[in-house]
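Observations on the three-dimensional arrangement
Okay, here's what each chain looks like letter by letter:
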Amino acid sequence: LLAVLGVAEGFDVDLPPRLVVAAVLALGAVAGPVQPLNAELAVEVTHPFDENAVEATQQLAGNLASAVLVPAYQAAQHFDLQVEPAD
């Protein structure tokens, strides 16, 4: 779903707003349940440690990564990449 949106943007294809909203909602429905599964796996892997500490550390690391990506993407918006279709 994300690839469809990216390819459409790369080739300047105007997608209908309803299709974009539907694709983003579908992507959220598919990718959303990953966080609780990841938290449970982290707790199982680090068994002797406190469950709350492991989940808090994981959440903090995720928030930090998101905060670092915002300025990185703002800097990257000035680069113009040309994607050519394969022959």
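Computed from a predicted model, the values in this text were never measured in an experiment. (Residues numbered from 1 in each chain as written. Predicted model: local features only at pLDDT ≥ 70, side-chain atom pairs only at ≥ 80, totals over all residues. Heavy atoms only, no water.)

This next bit is on the overall build of the chain. Each helix and strand in the chain was counted, giving four helices and zero strands. Ordered by position in the sequence, the α and β elements of the chain form the string α-α-α-α. With the model as given, the accessible surface of the chain reaches about 7,500 Å², and the carbon-plus-sulfur share is 67%. (Helix = DSSP H or I, 4+ residues; strand = E, 2+ residues; numbered from the N terminus. Areas by Shrake-Rupley, 256 points an atom, 1.4 Å probe, with all protein chains shown as cover.)

With that out of the way, let us pick up the packing of helix H3 (residues 34–45) against helix H4 (residues 51–76). In contact at an axis separation of 9 Å, H3 and H4 are set at 130° when each is read in the N-to-C sense. When the interaxial angle is binned, H3 and H4 end up oblique. H4 is crossed by H3, and the crossing has right-handed handedness. Residue-level contacts link Gln-35, Asn-38, Ala-39, Glu-40, Ala-42 and Val-43 of H3 to Glu-51, Val-54, Glu-55, Gln-58 and Gln-59 of H4. (Axes fitted to C-alpha atoms, helices over the stretch in contact; angles between N-to-C directions. Parallel < 35°, antiparallel > 145°, perpendicular 65-115°, else oblique. Left-handed = near helix turned anticlockwise from the far one by under 90°. Contact = heavy atoms within 4.5 Å.)

Turning our eyes to something else, we now look at the side chain of Gln-58. With respect to the helices, strands and loops of the structure, Gln-58 is situated in helix H4. By relative accessible area, which is 16% here, Gln-58 ends up buried. Contacts of Gln-58, omitting those with residues within four sequence positions, involve Gln-35, Asn-38, Ala-39 and Ala-42. (Buried < 20%, exposed > 50% of the residue type's maximum accessible area, 1.4 Å probe, protein only.)

Taken together, the side chains of Glu-40, Glu-44, Asp-50 and Glu-51 define an acidic patch exposed on the protein surface. Relative to the elements of secondary structure, Asp-50 occurs in the loop between H3 and H4. (Patch = residues over 30% accessible without salt bridge, like charges linked within 9 Å, V, L, I, M, F, W, Y side chains within 5 Å. Salt bridge = Lys/Arg side-chain N within 4 Å of Asp/Glu carboxyl O. Lys, Arg positive; Asp, Glu negative; His and termini not counted. Charge placed at Lys NZ, Arg CZ, Asp CG, Glu CD.)

Here the focus is the environment of Glu-55. Along the chain, Glu-55 turns up in helix H4. The exposure class assigned to Glu-55 is partly exposed, which follows from its relative accessible area of 27%. Along the chain, Glu-55 and Ala-39 lie 16 residues apart, while their C-alpha atoms are 6.0 Å from each other. With residues up to four places along the chain from it excluded, the contact list for Glu-55 reads Ala-39, Glu-40 and Val-43.

Of the residues in the chain, 82% reach a pLDDT of 70 or more, and the chain-wide mean stands at 81. Ranking the helices and strands of the chain by mean pLDDT puts H4 first, with 90, and helix H1 (residues 2–10) last, with 65. (pLDDT = per-residue confidence, 0-100.)

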